[in-house]
Amino acid sequence: MGYAGATGDDDQYRVPLIAKLLHALPHYNITFHRINNTFRPSNDVYLESLGILGSIPAALLIVSLFGLLLYLLTRCCDRKPRPAHSITSLKVTLSIVTVLCCAAIGLGLYGNDDLHNGLLDVLQAGRKVDGVVSSVRNQTFILENTLTMKIQQQLTELEDIFDQKTNNQTALNQLQQALLTAKGNITIAKNAANDIRRPLVGLTITDFLSVGI
């Protein structure tokens, strides 16, 4: 399983220890066949295996509660006096089960908090990406309009001026050649700005981010 991180050392993503431990557990599908544990959130079989792993603590809790219920029922119907040392093993068992349940609850709370912080980081990064996309889209639109409406008009005025008669034909030819070069560069810049802006038109992740809020 690969984890993507940021390029900067300070922003390098570090996989939590609990994620490493849970990922190292074997993954089984509903038919109890082991599957590949590669992180695939869009795969139904992988999500099914996660559901099975998540149901194990609940199944253990149900079994423990059922055993406690049976014990209470037997004690309720049993009227025979018993020596005090006869329930020592039960006390030890209940203590161990209690500690395990507390550990499971604490682990669940820790995982929930870690997941919450991770989602907040994802939402914040998504907003930054959406802002960058919107900024690039607007700037390329402004650049394209500027080249079309202002610079192109100024070059047209220069072309009209260069059409006038002059005695220095050599300088005029050089100016006309520079004007043609400028027109070509403007065309290239407009096409480049349009190529950048066109895929970004209508691209927004605001609706996606609003689902996570």
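A few points on the structure. All residue numbers refer to positions counted from 1 along the written sequence of the respective chain. Totals for whole chains, interfaces and linings use every residue, but because this is a predicted model, local features are given only for residues with pLDDT of at least 70 and side-chain atom pairs only at 80 or more, for both listing and counting. Calculated side-chain values reflect all of the structure's heavy atoms, with hydrogen atoms and water omitted.

### Observations regarding the overall build of the protein chain
- Summing up its helical and strand segments, the protein chain has five helices and two strands in all.
- Helix numbering and strand numbering both begin at the N terminus, where a helix is a DSSP run of H or I of at least 4 residues and a strand a DSSP run of E of at least 2. Listing each helix as α and each strand as β along the protein chain from the N terminus yields α-β-β-α-α-α-α.
- The buried share among the 213 residues of the protein chain stands at 13%.
- Taking all contacts inside the protein chain whose residues are at least 6 apart in sequence as the whole, residues at least 24 apart take part in 50%.
- Accessible area for the protein chain stands at about 16400 Å²; split by element, carbon and sulfur atoms hold 65% of it. Classification of residues uses two cut-offs on accessible area relative to the type maximum, computed with a 1.4 Å probe and protein chains only: under 20% is buried, over 50% is exposed, and between them is partly exposed. Note on contacts: a residue pair is in contact if any heavy atoms of the two residues lie within 4.5 Å. What sets the accessible areas is the Shrake-Rupley method with a 1.4 Å probe; for residues, cover comes only from the shown protein chains.

### Details of the side chain of T140
- When you line up the elements, T140 lands in helix α3 (residues 88-162).
- Polar contact criterion, stated in full: a pair of N or O atoms within 3.5 Å, where within protein one must be able to donate a hydrogen and the other to accept it, and residues adjacent in sequence count only if both atoms are side-chain atoms. Within polar-contact distance, the side chain of T140 engages the backbone oxygen of V136 at 2.8 Å.
- Here the side chain of T140 touches R137 through a polar contact of 3.0 Å, landing on its backbone oxygen.
- In contact with T140, other than residues within four places in its own chain, are A193, I196 and R197.

### As for helix α2 (residues 44-77)
- Here, expected helix span is obtained from the residue count minus one, scaled by 1.5 Å. Taking 1.5 Å of rise per residue, the 34 residues of α2 would be expected to cover 50 Å, and the 48 Å separating its terminal C-alpha atoms lies within 8% of that figure.
- Note that the bend at a residue is defined as the angle between axes fitted to the seven residues ending at it and the seven residues starting at it. Of all the bends in α2, the largest measures some 30 degrees and sits at I56, one to four residues before the proline P57.
- Along α2, the residues that are buried comprise Y46, S49 and I52.
- Capping the start of α2, N43 holds a side-chain oxygen 3.0 Å from the backbone nitrogen of V45, two or three residues further along.

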